[in-house]
Structure formats: C-alpha cells, structure tokens
Amino acid sequence: MELTLILGISILGLLFASYLIRDVLKRDTGTEKMQEISNAIKTGAEAFLRRQNRTIAYLAVALAALIYILYAFVRAHNEHDPASTANLALWTTLSFVLGAACSVAAGYMGMWVAIRSNIRTAAGAMKNMNSALQTALRGGAVSGFFVVAMSLLGVAGLFSIVKYLGVTEDVTKIPLLIVGYGFGASFVALFAQLGGGIYTKAADVGADLVGKVEAGIPEDDPRNPAVIADLVGDNVGDCAGRGADLFESTAAENIGAMILAAGLYNANAPVFKSQDLSLLGVLLFPLVARAFGIIASAIGIMAVRTDEKEDPMNALNRGYYIAAALAMVGFYVAARWLLGPDYYFNFFLCGVVGVITSIAFVLITQYYTEYRYRPVKSIAEASQTGPATNIIAGVAVGMESTGYPIFVIAAAIISAYFLGEHSGLQHAGLFGTAVATMGMLGTAAYILAMDTFGPITDNAGGIVEMSQQPKEVRDKTDRLDAVGNTTKALTKGYAVGSAALAAFLLFGAYIDEVKNYMPSFEGVINLNKPEVFVGAMLGAVLVYLFSSLAIKAVGKAAYAIINNVREQFKNDPGIMKGTSKPDYGQCVDIATKAALQKMVMPGLLIVGMTVGVGVVFKWLYYAGGQSVTAASGAEVVGGFLMVGTITGILMALFLNNGGGAWDNAKKYIEAGAYGGKKSDPHKASVVGDTVGDPFKDTAGPSLHVLIKLLSTLTLVLAPLFI
C-alpha cells in the first residue's frame, strides 16, 4: 500500500511536469530576432552540457568500478553485513550508477525546458506581466517536479526491487544496500554545480568588467562578445547545476531518514506490533510524507497569478505559503496513518518545525540580500568611496549573515530532537530531526521552481535587450529579473538550511551504520582523542581548500574571457559602433574549456581526502593494537565529517549571502541611488559584484553539495573504515 502510494504520486509528479512542458511549449516564441538569440543560447547550453556529462560519465564509471572492487575483493566479509559480499558489492555499485544517471537526467531535463522557456517569457512580457510570470514559473517548476519525483521514484523503486528479489531477509537492512544511490546523485551534483558555476561566473565577470566598467555599455548589450556566454551560463549553472544539487539533497535525505526509521522500529518493535503498525509503514513514512509534498507544491504552482501593478514577488510568496500549508496537512495525514494515534503528534510537530525553519531561512536571506533592507543599503552607501570600501562592507555583511541562520538551525535541531525524545518512543530523538528535515524539504519542488525562475527571467531580459524591444517590455522583464535575483538568493539560503538539517540526519545515519557493522562502537565521537581532533581539523581545512580551488578557477577563466573581449573590441572597432557583430562563440568556447578542466580537481580532492583519512587511521588503529584510547578509522572519519560539515555550513552562508548582497547593492544603485548607472559608485558596485559572483554562484552552491557529498560518501564507504 505505502510503496504503491509513493510510486503512484511520483509518477503523478512526472505527469504534472509533462503537462507543464506542454503548457510552456505551446506559448508564443516572439520575433525572428528574439528566436535567433534564444537559439544561440540553446546551442551553447546543450553543447556545454553534452561535454560536461561525458566527462562526468567517465569519472562516475571509474568510481563505480572502484567501489565494486573495494567491496567485492578488498574488504573482508563482516558477519553484520546486510547481505553477502557479492550482493553488497553489486547493489552498492548499481545504486551508485542509478543515482548518478538520475541526477544527470534531472539536471538536463530542467535545463532543456529552461532554455525554451526564456524566449516564451520574453514574448509573454510583450503581452502582460501575468503571462511572463506564469511562463517563467511553470518552466522552472518542470525542474522541481522532475527532481523530487525522480528522487522518490528512484529510492522507492530500488527498495521495491531489492525487497522483491529477497536480497536480504531483514527489510531494515535494505537502506544500507541502496545507500549508493545518494552517493551517485551527490557525486554528479558536485561536478554539475561546480562546472556550471565556473562557466557562468567566468562569463559574467568578463562581461561585466569589460562591458559595464571599461566600455560603459549596458548589461546584455549585443555588442558585448561575452553576453551569450553569460546567458548560457545562467542555464548550465543555475538550472542544470541547481537541479542536480537539489536532486542529491532529496535522494540522500530520503535514504538517511529510512536508516534512522529502521533504527526506530528496532528499538520499539513491541510497541509498534501492539498497535498493528507495520515495519514497512514506519520505514517508508519519510517517503510518504515527501510524496504528499509533491501534491502540495503542484497546487501552489497552479495558484500563482498576478497583474500589472502587483509586485511579482507577492504572487510567488502566495503560492509558496499555500504549498507550505498543504505540506503540513500532508505531514499530519502521513504521521497519523503510519506512526499510530498515540505517537504521531510529536512527529507531526517535527515536520512543522522543518516547514517553519524553511520559512525562517527564506525571510533571513531576504533581509540580507534584498536592497529594501539595511545590509544591502550599507554596501551601496560604502560604494560612494570606491571599490575597496564596497568590498570591506560586503565581507562584513557576509560574515554577519551567518548569525541568525545558525540560531535557527540550532533551534530546529534541538526542538525536533526534544519532540522526538518525548514522543513516548525509545531512541526517537534523531528520528525527530530526520522528520524535521523531511518537513523542510516538503516544498522542495516549489522552491526549485522559484530558483529556476531566476535564470529564465534573466535570459528573458537578455533576449529583450539584445533584440531591442520597446522600453516598456524591458521594464517588465527587469521587474521579473529583480524578483529572480531575490528568489535565487532565497533558494540558496533554503538549500544551506536543508543541508544543515540533512547533515545532522545523515551524521546520525552514519553512526547507526557504523554500529550495525561494528557493535562494539559506542556511537560517540570523542574530540579529546588526538586522532579524532586531527581528523576534525582535516575536515575543516578541506572546506577552505575546496573553496579556494573553485574561486581560483573562476578568476583564471574570467581572465581569459576579459582578454578575449578586449581583443575583439581592439581588432574590430565596428563592434562598438554597431556596424559589425562580435564573435560570441570564442567566449563560449573559453568558458566551456575552463569549466571542464577546473571542475575535476576539487571533486577528486573531496573523495581522495575522505578515503585517505578513513584508510590511514584505520591502519593506524589496527597497527597500534586497537588500544582503548585510540580511535578507529570510522571514529576519525566521524570527526572529519562533523567538523567539515559545520565549517561548510558557515562558509556557504558567508559566500552565498555576501555575494547576493553585493549583487543587489549594484542593482540598488542601478535603480537610481547614489547617481545611478555609469556613476563612480555604480562602477565600484560592479567591482564588488564581480568579487561576489564566484562566492554566490560557484563556491557557495558547490559547498551545499560538498556538505552532503561528505555524508553520502562516508555512508557508502563506512564498511571500509571498520
């Protein structure tokens, strides 16, 4: 019954995405000139993604082979293994490959629709605001529903197949066999987000510094050779990359919650049996609750409409609040049905805590990144005395912005843990935090729709500008673009918040998994042990090294694009006069090559460092005679994971909010403050924005993936560290 419901609603989510595709594609595609620009964006985006996915496929196949060899031939069989050595190796590898393939598909599908929605949004703006808004949101929603539905379908489908084939007699062990699904999704998401982020920000920085600052031409001016690469980047970074990012979030958290649900059932089996509550129902509760979230998000999407006078952000917020309210109703139904009338209410409240946490993150991010509020205005004000003071103010705002989110995360984790512990069930605290994470991800489909809305409206504005449409049309796309910038910032805040809750969930799942393979493990990570302390420091420094590589990659690629744009302006004076066309393809090619070359090293750093820490300290543990005071490889990796996660959350908040604040400080000045466009404060704000670009769109979002990749990687490789 439960599996049928999950699979049915997942398929319904895919059918709803198909309906949205048809709805968007039947809309007007504008003038011939608009179509020419849109086709150039489409060609560049699809070419980049083909090359990127080919690179990712080679890396994924190599890692899948390594996982199989390690499990099948290197690691000795453990009596506590969930299945035979052959089956454990086979299903871990198969689930990794399937997770990777689904992540690629989810990211590609979102981008495929986005690059066809941009021109239809631009054409919609020629009619009215409602047409443009609905086109962009529904185009973005395709990505949201594909991501969430495919995540549920993949996890529930794998679970069904393993159960049907009887690979293990103990159903509670199945999540340990399919944990590779989350790792495969995380592995692909890292490269998709990192590669797309390097591409988009290298092009953006190059276009802004030479176009706006040096040449003094507007944003998206057709004379700028980097403008098409910039618009392509919006799709490969913010659509395909973010789609893969949220896909791995939902996949990893689904499996982590199932591992904790299995532990909850085992600790309370007599109680559940006395109330006729099935093991399968408890195990699948997180997936059922998430499935109801698909229905809630669909209703929220269809409720969005606006008029010419209303702020489009109000319409989007209205749809979000509808989706959030309905997701809470779904949680109530799932909890009462599957957790019983005596114990459900506290877990329902845990889900409410998750929903409230997501709303709190949206509001906090809004405060730090919208130019209606003090933080962004302070950066704009500092721009009056030049780029240096702009950068100082932006760094300060980014650091300040880590405070409130951490308080919210702390309150959410403690509240959910307390509610779980006092639910009447034994050892239910960690499961309470898992349910809160499910609550936060209940509206993930709607949130991702808002996120993809941003690059679609940005592209629509570029198409309108480059095709030289009337000012009133550009005014509409500018309003939508400003809202899109806000929604992109909000969804990054949401992604960090969900990553923080998920990291605690997955850390709990890691502890449970290690206990399963090593019953002597007490479930305590003792930082007082020197080995664990060293592992923790290595986890923290990994975040800094990774961020450095990501930001440096953007700088080097932007350097090449800046020189190319300068050369084109110098060699062909007709470009600036408007008598000849720039060669857009050169910048597209530079950005593509740089992104594909520079995305590999950070990914290998994460995998190599995690495996290295686990294997080296495992060897030291056994070489030292398993001393009582020594730490096993699994315990050291636990410290590495714990502190790496905390550092990653703080760094991601700093980078995302600091970059978003710099961006909107520039837009605040462009709206007329402190002299408006082409003034000295404007030029200073453009410099600040270019510093913030790799923060908010490359390193910051990639850290969301790093946080969860560390968790899924340790979940998959935990048996090798014991």
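Details of the structure are given in the entry above.
Predicted model only: the values in this text are computed from it and were never measured. (Residues numbered from 1 in each chain as written. Predicted model: local features only at pLDDT ≥ 70, side-chain atom pairs only at ≥ 80, totals over all residues. Heavy atoms only, no water.)

**Student:** I'm lost on the overall build of the chain in this one. Help?
**Tutor:** Along the chain, the regular secondary structure elements total 23 helices and 0 strands. For 722 residues, the compact-globule estimate of 2.2 N^0.38 gives 27 Å, and the chain sits close to it at 25 Å. Once the C-alpha set of the chain is aligned to its principal axes, its extents read approximately 80 × 50 × 45 Å. Expressed as a percentage of the 722 residues in the chain, the buried residues total 65%. (Helix = DSSP H or I, 4+ residues; strand = E, 2+ residues; numbered from the N terminus. Rg over C-alpha atoms; globule rule 2.2 N^0.38 Å. Buried < 20%, exposed > 50% of the residue type's maximum accessible area, 1.4 Å probe, protein only.)

**Student:** How do you make sense of the pattern of salt bridges when you look at a structure like this?
**Tutor:** Two side chains that carry opposite charge are able to pair once their charged atoms sit near each other. Counted by the stated rule, this structure contains 22 salt bridges. Notably, a salt bridge pairs Asp204 with Lys201, separated by 2.7 Å at the nearest N-O pair. Here Asp204 pairs with Lys201, and both are found in helix H6 (residues 180-215), just 3 residues apart, close to one helical turn. Pair check on accessibility: Asp204 and Lys201 agree, each one buried. Its salt-bridge partner being Lys593, residue Asp589 comes within 3.2 Å of it at the nearest N-O pair. Placement of the pair is Asp589 and Lys593 together in helix H20 (residues 584-598), with a separation of 4 residues, close to one helical turn. Assessed through its relative accessible area of 32%, Asp589 is described here as partly exposed. Assessed through its relative accessible area of 42%, Lys593 is described here as partly exposed. (Salt bridge = Lys/Arg side-chain N within 4 Å of Asp/Glu carboxyl O.)

**Student:** How should a nonpolar patch on the surface be read in this particular structure?
**Tutor:** Together, Ile11, Leu12, Leu15, Ile295, Ile299, Ile322, Leu326, Val329, Tyr332, Val333 and Phe345 give the surface a local cluster of nonpolar side chains, amounting to about 910 Å² of exposed area. If one sorts the elements of the nonpolar patch by residue count, helix H10 (residues 312-339) sits on top with 5 residues. Structurally, Val333 can be placed in helix H10. In this structure Val333 comes out as partly exposed when scored by relative accessible area, which is 40%. (Patch = residues over 30% accessible without salt bridge, like charges linked within 9 Å, V, L, I, M, F, W, Y side chains within 5 Å. Areas by Shrake-Rupley, 256 points an atom, 1.4 Å probe, with all protein chains shown as cover.)

**Student:** Explanation requested: the environment of Asp307 in the structure shown.
**Tutor:** Inspection of the secondary structure assignment puts Asp307 in the loop between helix H9 (279-302) and H10. Taking relative accessible area as the criterion, Asp307 reaches 42% and is therefore assigned partly exposed. Put simply, Asp307 and Phe292 are 15 residues apart on the chain and 30 Å apart in space, counted from C-alpha to C-alpha. A polar contact of 3.0 Å, which involves the side chain of Asp307, links it to the backbone nitrogen of Lys309. (Polar contact = N/O pair within 3.5 Å; in protein donor to acceptor, adjacent residues only side chain to side chain.)

**Student:** Is there a simple way to explain helix H3 (residues 85-125) in this structure?
**Tutor:** Since the α-helix turns once every 3.6 residues, residues separated by three or four places project in the same direction. Between its first and last C-alpha atoms H3 spans 59 Å; for 41 residues at 1.5 Å apiece the expected length is 60 Å, and the two agree. Considering bend angle alone, the principal kink of H3 is centred on Ser117 and spans about 30°. (Expected span 1.5 Å × (residues − 1). Bend = angle between axes of the 7 residues up to and from the residue.)

**Student:** Looking at this structure, I do not really get helix H12 (residues 374-382). What am I missing?
**Tutor:** Every buried residue of H12 is listed here: Pro375, Val376, Ile379, Ala380 and Ala382. Summarising the axial view, the buried residues of H12 lie within an arc of 165°, below the 170-degree limit, and thus occupy one face. Its buried side turned inward, H12 meets helix H11 (344-369), helix H13 (387-400) and helix H22 (633-670). (Arc of directions from axis to C-beta. Contact = heavy atoms within 4.5 Å.)

**Student:** Explain unusual backbone geometry here, please?
**Tutor:** In this structure, Tyr674 is a non-glycine residue whose phi angle is positive, near 55°. Tracing the chain through its elements places Tyr674 in the loop between H22 and helix H23 (680-717). A positive phi angle, close to 70°, is found at Lys678, a residue other than glycine. With respect to the helices and strands, the residue Lys678 is situated in the loop between H22 and H23. On the basis of relative accessibility, which here comes to 60%, the residue Lys678 falls in the exposed class.

**Student:** What am I meant to see in the environment of Ile575 here?
**Tutor:** Secondary-structure assignment places Ile575 in helix H19 (residues 574-577). Setting aside residues up to four positions removed in sequence, Ile575 forms contacts with Arg223, Gln568, Phe569, Ser580, Lys581 and Pro582.

**Student:** What should I look at first to understand the packing of helix H7 (residues 227-267) against H20 in this one?
**Tutor:** Relative to each other, H7 and H20 sit at 45°, their axes nearing to 7 Å. Accordingly, the angle class assigned to the pair H7 and H20 is oblique. Across from Val227, Ile228 and Ala229 in H7, the residues of H20 making contact are Tyr584, Cys587 and Val588. Class assignment of the residues belonging to the contact of H7 with H20 gives a composition of 6 nonpolar, no polar and no charged. (Axes fitted to C-alpha atoms, helices over the stretch in contact; angles between N-to-C directions. Parallel < 35°, antiparallel > 145°, perpendicular 65-115°, else oblique. Nonpolar A, V, L, I, M, F, W, Y, C, P; charged D, E, K, R; others polar.)

**Student:** Just checking my understanding: could you explain the packing of aromatic side chains for this structure?
**Tutor:** In this description, a pair of aromatic rings is defined by centroid distance and the angle of the planes. Going through the model one piece at a time under the given rule, you end up with 25 aromatic pairs. With a centroid separation of 5.8 Å and an interplanar angle of 50°, the aromatic rings of Tyr320 and Tyr321 are classed as tilted. Taking relative accessible area as the criterion, Tyr320 reaches 2% and is therefore assigned buried. Taking 5.8 Å as the distance between ring centres and 70° as the angle between the ring planes, the aromatic pair formed by Trp662 and Phe695 counts as edge-to-face. Taken together, the residues span a long stretch of sequence, with Trp662 in helix H22 and Phe695 in helix H23 at a distance of 33 residues. Through a chain of ring-to-ring contacts, the aromatic side chains of Phe96, Phe183, Phe187 and Phe191 assemble into a single cluster. (Phe/Tyr/Trp six-rings, centres within 6.5 Å; stacked < 30°, edge-to-face > 60°.)

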